[in-house]
Amino acid sequence: MLWQDLPRCRRLWAAVRAERARAPERQRLLCKRQCACRRYVCMVKNAVVPRLARIAISLVLPESCVLCGAAVEPDCGWPVCGSCVAMLEAELAEDAGRPRCEICGKPLISRHGRCTRCRAATYDFDSVYPLFRYADDVRALVLAYKGAGRRSLSGFFARQLASVVSTRFAGRVLVPVPPRPGKLRRRGWDQVEAIASILQREYGIPVLRALVRSVAAEQKALNLEERAANMRGTIRLARGIEVPANPVLLDDILTTGATLSACAACLKSARAVRVDALTIAAD
Ligand SMILES: [Zn+2]
Ligand SMILES: [Zn+2]
């Protein structure tokens, strides 16, 4: 947009973005410390004031859709316009009936069975359900969310994931995959936790933060076997956690499955019998 190129507006826009980036963290802190004793104050601070501020800001500086650039409706809650949301949801409905690998959930040509990779590999999880295919618009959304730090997309992803939870994993407890400690320090927020907390708070889905991750080497340059070895021993149970019999792991992107497998192994070493996983997309 033209106004973003003007120096004066750029400064204003930077202030707005900084405020938006701080808001979820501040809400989380206020909720944790004040919900029990000052519920009304907490509610006003966390819900009403940021909501009004968001509407006021969006009237002056309308947010544009991450995918098509059209103005997003004020108080929409995420930077994706109505027609792009409708298009993505239609894609999801179409994909739901297509054949998928029974283990990794990636598209299959045959009606039943496993993909080539899953026929050769063994995982500790029982199955993964990736919501979207990691291509085109979904790739743009994920890059905006994880790469460019558009935190408000967590609401959009949570809405889509909530409908899958209600149909495929109703009544089961979600366990978010913990972030690498270094990554959390660098980025300052946890993309999976942001979605998990919305699922818990706004959709009433039970979430158990059962896993903790210690420092491991970066995985990007490693092959499948090296990733599995790298992951071994970095995931452990949080203290005082009682693991349910059939938890569902929650992660953002399924790549090799090494992280999900290590998490599932950890849960199964406690009390879990069946561990499935739900992700935004599969790469
Ligand atoms: Zn759009
Ligand atoms: Zn597969």
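Residues numbered from 1 in each chain as written. Chains lettered and ligands numbered in written order. Predicted model: local features only at pLDDT ≥ 70, side-chain atom pairs only at ≥ 80, totals over all residues.

With respect to the overall build of the protein
- On a plain count of helices and strands, the protein comes out with 11 helices and six strands.
- A total of 283 residues make up the protein; the buried ones form 28% of that total.
- At a minimum sequence separation of 6, the contacts of the protein that also span at least 24 residues come to 69%. (Helix = DSSP H or I, 4+ residues; strand = E, 2+ residues; numbered from the N terminus. Buried ≥ 20, exposed ≤ 12 C-beta atoms within 10 Å, placed from the backbone. Contact = placed C-beta atoms within 7 Å.)

Looking at helix α6 (residues 136-147)
- The end-to-end C-alpha distance of α6, which contains 12 residues, comes to 15 Å, matching closely the 16 Å that a straight helix rising 1.5 Å per residue would cover.
- Considering only its buried residues, α6 is in contact with β1 (127-133), α7 (153-168), α9 (191-203), β5 (248-254) and β6 (276-282).
- A positive backbone phi angle near 70° is found at Gly-149, which sits one or two residues after α6. (Expected span 1.5 Å × (residues − 1).)

Details of the sheet that holds β5
- Taking strand neighbours across the sheet as the criterion, the four strands line up as β1-β6-β5-β2 in an open arrangement whose pairing is parallel. This sheet does not close on itself; its edge strands, each paired only once, are β1 and β2 (174-176). Across the sheet, the mean angle from the axis of one strand to that of its neighbour is 30°, orientation sign disregarded.
- Alignment of β1 against β6, held across six bridges, turns out to be parallel. Bridge pairing links Phe-132 to Ala-281 in β6.
- Here α7 sits on the sheet in contact with β1 and β6, set at roughly 140° to β1.
- Where helix α11 (residues 258-270) meets the sheet, it contacts β1, β2, β5 and β6, and its direction lies at approximately 170° from that of β5. (Pairing = 2+ DSSP bridges. Axes fitted to C-alpha atoms, helices over the stretch in contact; angles between N-to-C directions.)

Focus on the packing of α7 against α9
- The geometry of α7 relative to α9 is characterised by a closest axis approach of 9 Å and an angle of 60° between their N-to-C directions. The angle between α7 and α9 falls in the class oblique. Along this stretch, α7 crosses α9, giving a crossing that reads as right-handed. Taken together, the residues of α9 that come into contact with α7 (itself represented by Ser-154, Gly-155, Phe-157, Ala-158, Leu-161 and Ala-162) are Ala-194, Ile-195, Ile-198, Leu-199, Glu-202 and Tyr-203.
- Tallied by class, residues from the contact of α7 with α9 come to nine nonpolar, two polar and one charged. (Parallel < 35°, antiparallel > 145°, perpendicular 65-115°, else oblique. Left-handed = near helix turned anticlockwise from the far one by under 90°. Nonpolar A, V, L, I, M, F, W, Y, C, P; charged D, E, K, R; others polar.)

Structural notes on the confidence of the model for the protein
- Averaged over every residue, the pLDDT of the protein is 80; residues scoring 70 or more account for 75%.
- Element-level pLDDT for the protein is lowest in helix α1 (residues 2-5), with a mean of 38, against a maximum mean of 97 in β2.
- Below pLDDT 50 for its whole length, residues 1-8 participates in five contacts with residues either more than four positions away or in separate chains.
- Contacts of residues 23-40 to residues separated by more than four positions or lying in other chains number 13 contacts, the stretch itself having pLDDT below 50. (pLDDT = per-residue confidence, 0-100.)

Some remarks on the nonpolar core
- In this structure, Ile-195, Leu-249, Leu-250, Leu-260, Cys-263 and Leu-267 are the most contacted members of the largest nonpolar core, which totals 58 residues.
- Broken down by element, this core gets its largest block of residues, seven residues, from α11.
- Discounting chain neighbours no more than four positions away, the residues touching Cys-263 are Val-177, Leu-211, Ile-235 and Leu-249. (Core = buried A, V, L, I, M, F, W, Y, C linked by C-beta atoms within 7 Å.)

Some details on unusual backbone geometry
- Backbone geometry at Asp-136 places phi at a positive 45°, although glycine is not the residue there.
- Position of Asp-136 relative to the elements: it lies in helix α6.

Brief notes about the environment of Phe-157
- Examined against the element boundaries, Phe-157 turns out to sit in helix α7.
- C-alpha of Phe-157 to C-alpha of Ile-195: the two residues are 38 residues apart in sequence and 7.0 Å apart in space.
- In this view, Phe-157 contacts Ile-195 and Ile-280; residues no more than four positions away in its chain are not counted.

A word on the pairing of β6
- Along β6, five of the seven residues are buried, which leaves the element largely enclosed by surrounding structure.
- Relative to β6, β5 runs parallel, the two sharing six bridges. Across the sheet, the residue bridging to Leu-254 is Ala-282, located in β6.
- One crossover worth recording links β5 to the parallel β6 by way of α11, and it is right-handed. (Right-handed = clockwise from strand over helix to strand, strands pointing away.)

Observations concerning the environment of Asp-124
- By secondary structure assignment, the location of Asp-124 is in the loop between α5 (116-120) and β1.
- Taking the C-alpha atoms as reference, Asp-124 lies 9.5 Å from Gly-257; in sequence the two are 133 residues apart.
- Excluding its chain neighbours within four sequence positions, the residues that come into contact with Asp-124 are Ser-261, Ala-264, Ala-265 and Lys-268.

Observations concerning the environment of Pro-99
- Mapped onto the elements of the fold, Pro-99 is located in the loop between α4 (82-96) and α5.
- As for Pro-99 and Ser-110, which are separated by 11 residues in sequence, their C-alpha atoms are 6.9 Å apart.

Remarks on α9
- Helix length check: α9 (13 residues) gives 18 Å between terminal C-alpha atoms against 18 Å at 1.5 Å per residue, within 8%.
- Regarding α9, the residues found buried are Gln-191, Val-192, Ala-194, Ile-195, Ala-196, Ser-197, Ile-198 and Leu-199.
- Taken from the residues just after α9, Gly-204 is the one with a positive phi, measuring 65°.

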